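A structural walkthrough
Listed below, chain by chain, are the residues.
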Amino acid sequence: EEALSLGSRKRVGEAGGSSGGRSPLIPLKMPKCVFSCSQQRGDDVLNCDNEGQGRKKDGQSRSPSSSQLIYSILDIPPWYLCILMGIQHFLTALGGLVAIPLILAKDLCLQHDPLTQSYLISTIFFVSGICTLLQVFFGVRLPILQGGTFAFVAPSLSMLSLPAWKCPEWTFNASLVNTSSPEFTEEWQKRIRELQGAIMVASCVQMLVGFSGLIGFLMRFIGPLTITPTITLVALPLFDSAGDSAGVHWGVAATTIFLIVLFSQYLKNVGIPVPVYGGKKCHTSKFHLFQVFPVLLALCLSWLLCFVLTITNALPTAPTAYGHLSRTDTKGNVLSQAPWFRFPYPGQWGVPTISLAGVFGIIAGVISSMVESVGDYYACARLVGAPPPPRHAVNRGIGIEGLGCLLAGAWGTGNGTTSYSENIGALGITRVGSRMVMVAAGCLLLLMGVFGKIGAAFATIPTPVIGGMFLVMFGVITAVGISNLQYVDMNSSRNLFIFGFSIYCGLAIPNWVNKNPERLHTGILQLDQVIQVLLTTGMFVGGFLGFFLDNTIPGSPEERGLRAWHQVQEPQETAATLQVYGLPCLPCGPAARTRHLPFWPRLEAGEAPPAGSQLAGLCPDSRGDTPKAAGATKL
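Keep in mind that what you see is a predicted model, and the values were worked out from it rather than measured. (Residues numbered from 1 in each chain as written. Predicted model: local features only at pLDDT ≥ 70, side-chain atom pairs only at ≥ 80, totals over all residues. Heavy atoms only, no water.)

**Thoughts on the environment of phenylalanine 239**
As for its placement among the helices and strands, phenylalanine 239 is situated in helix 8 (residues 239-246). Phenylalanine 239 sits 232 residues away from leucine 471 along the chain, and the two C-alpha atoms are 7.5 Å apart. (Helix = DSSP H or I, 4+ residues; strand = E, 2+ residues; numbered from the N terminus.)

Below you can see the structure in the form of structure tokens.
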């Protein structure tokens, strides 16, 4: 960079002396490719993306250090790699996407109707694909997959447990249930319509908070001691469910864990020779397969192992025996009953209804979901090598998530949408942060929602395989949350108290509330639901305590880490930041029209879009002047 800069200034000076002081475009002799320079641990790495396609030399970057990304957020991998890595993200989110409809099935009176359960699974696949594409293109613009949120499960179950919505006794008897009868259809559809209405009303609150800029305003008071317990407690409380899933068969789960660790840590620098055709001749090039697809390879191999153990009857056939759920034929009824094609559509279960109790409960889940998502944005940006998201990007992200919840309510998933933390963990392991990979994952989710047989086939992955994967992913998320403490003075007793107390209360309080829900009765049902949902969400308890204590206990900005944090978390609206978080194919517009929109990106004074980008010539600066030529921008 220094050599190019010195050479450019020299040529500009020579040209200026011969052309009346003008600074024409300097024709530097550079290869026809897009350069992206990044510094990792003091090593200068120059990656050349041939003709914008994001291909690295020999398929990989030249110096595969442990902290280097294979593909950054702006890189575009080859289409076949996008598809394969999109499948990996789909498989990573599969456990959570499938679990939510199955959890709600009993309270929706659907425990003896697996066909309708598969419809709900297909619907949540389809809506998650739409919301993922909206988030990547128009939201925060980070490679974050959108899917069902467990923050909505607790208020949903609380609402369905009310006397008016309890399932009749006859629905619990499989011999009395006729799944095709109008009476049974109305029993479960009126319950899911009630959930739809509550989710749609609560989503409007989330959209208002996001697009109004209220979240961006609160970010002024949120520092490392708030973000750290929030992200950390996303994964820590899930040790119980991850352990239960893995405990179905610890041998299969341990095999999955071993393969993920082997591929992602020990074999990450091992290149596999692959034939490559170029320059009118065929040659071999090394492709780091294990570094790019560790999760996908581990899942497929463990799934294949379970299939072999199933056909050889090495796994028990008795439903109550240990390890029975490791068999690949335990969910075969879903595959046989699901149709080949089914297109989900809004209002497929009828016109949504609204009740005050359900709305208050879901709003509590919305608050928890927003706190988690803000932490996910910063964690994702950190892992994919992108600048920290500015306020307008955070505002758009929360607003688009609210729009996603509105769509989920309209389609009738029985749930909302939020950012998936486990997929952020996959980004940290694979080191593939390309935005186009998440676009491929979103398109794949849409296809899974339409092709019922394919979605049902993926739903047959054995439970211990998913449990083993979660143990690795949630560990990475926990470490990402704790890594934010690097900005804080951890020699300070003040900071030690805030962090330790927030984490411990985030584990202890939800555990007590879950065991003693009757202690929180105030006489107001809606208030009881709100209090119970908030106090059983560890990330909300820990994040709120961290936020309150960090902003009330005296401490210097250096001690709190705010000075270093804000230098990282609040960058100026430079051209580089706009290239990641700017809206695609849309002009920024004159500052007079857009400066009051809290979700609209804009450049600082004197900045210009990068040369050759889609924003060049479209986005005026803060004075309203459009850049005259790409040559006037900084190289």
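Now that the structure is up, let's keep going.
**A look at the nonpolar core**
The biggest cluster of nonpolar side chains holds 105 residues, and the ones touching the most others in it are Phe90, Leu108, Phe125, Leu142, Ala386 and Met469. It is helix 2 (residues 79-105) that contributes the most residues to this core, twelve residues altogether. Ranked by size, the runner-up nonpolar core spans ten residues in total, among them Leu225, Leu233, Leu485 and Met539. (Core = buried A, V, L, I, M, F, W, Y, C linked by side-chain atoms within 4.5 Å. Buried < 20%, exposed > 50% of the residue type's maximum accessible area, 1.4 Å probe, protein only.)

**Some details on the confidence of the model for the chain**
Confidence in the prediction of the chain, expressed as mean pLDDT, is 75, and 78% of residues score 70 or more. Low confidence marks residues 1-67, where pLDDT is under 50. Its contacts with residues over four positions away, or in another chain, come to 84 contacts. Segment residues 609-635: pLDDT under 50, and 48 contacts once partners within four positions in sequence are set aside and those in other chains are kept. (pLDDT = per-residue confidence, 0-100. Contact = heavy atoms within 4.5 Å.)

**Considerations on unusual backbone geometry**
For arginine 141, which is not glycine, the phi torsion reads 70° and is therefore positive. With respect to the helices and strands, arginine 141 occurs in the loop between helix 3 (114-138) and strand 3 (146-147). Taking relative accessible area as the criterion, arginine 141 reaches 5% and is therefore assigned buried. With a phi angle near 60°, asparagine 313 is a residue other than glycine that sits in the positive phi range. Take asparagine 313: it is sitting in the loop between helix 11 (294-311) and helix 12 (332-337).

**Here we look at the environment of lysine 190**
Within the fold, lysine 190 resides in helix 5 (residues 182-211). Sequence separation between lysine 190 and proline 352 is 162 residues; the distance between their C-alpha atoms is 8.4 Å.

**A look at the packing of aromatic side chains**
The final tally for this structure, using the stated rule, is ten aromatic pairs. Here a set of aromatic residues connected by ring pairs shows up, and it is made of Phe126, Phe343 and Trp411. Over the face of the ring belonging to tyrosine 119 we find arginine 342, whose NZ or CZ atom lies 4.2 Å from the ring centre. (Phe/Tyr/Trp six-rings, centres within 6.5 Å; stacked < 30°, edge-to-face > 60°. Lys NZ or Arg CZ within 6 Å of the ring centre and 35° of its normal.)

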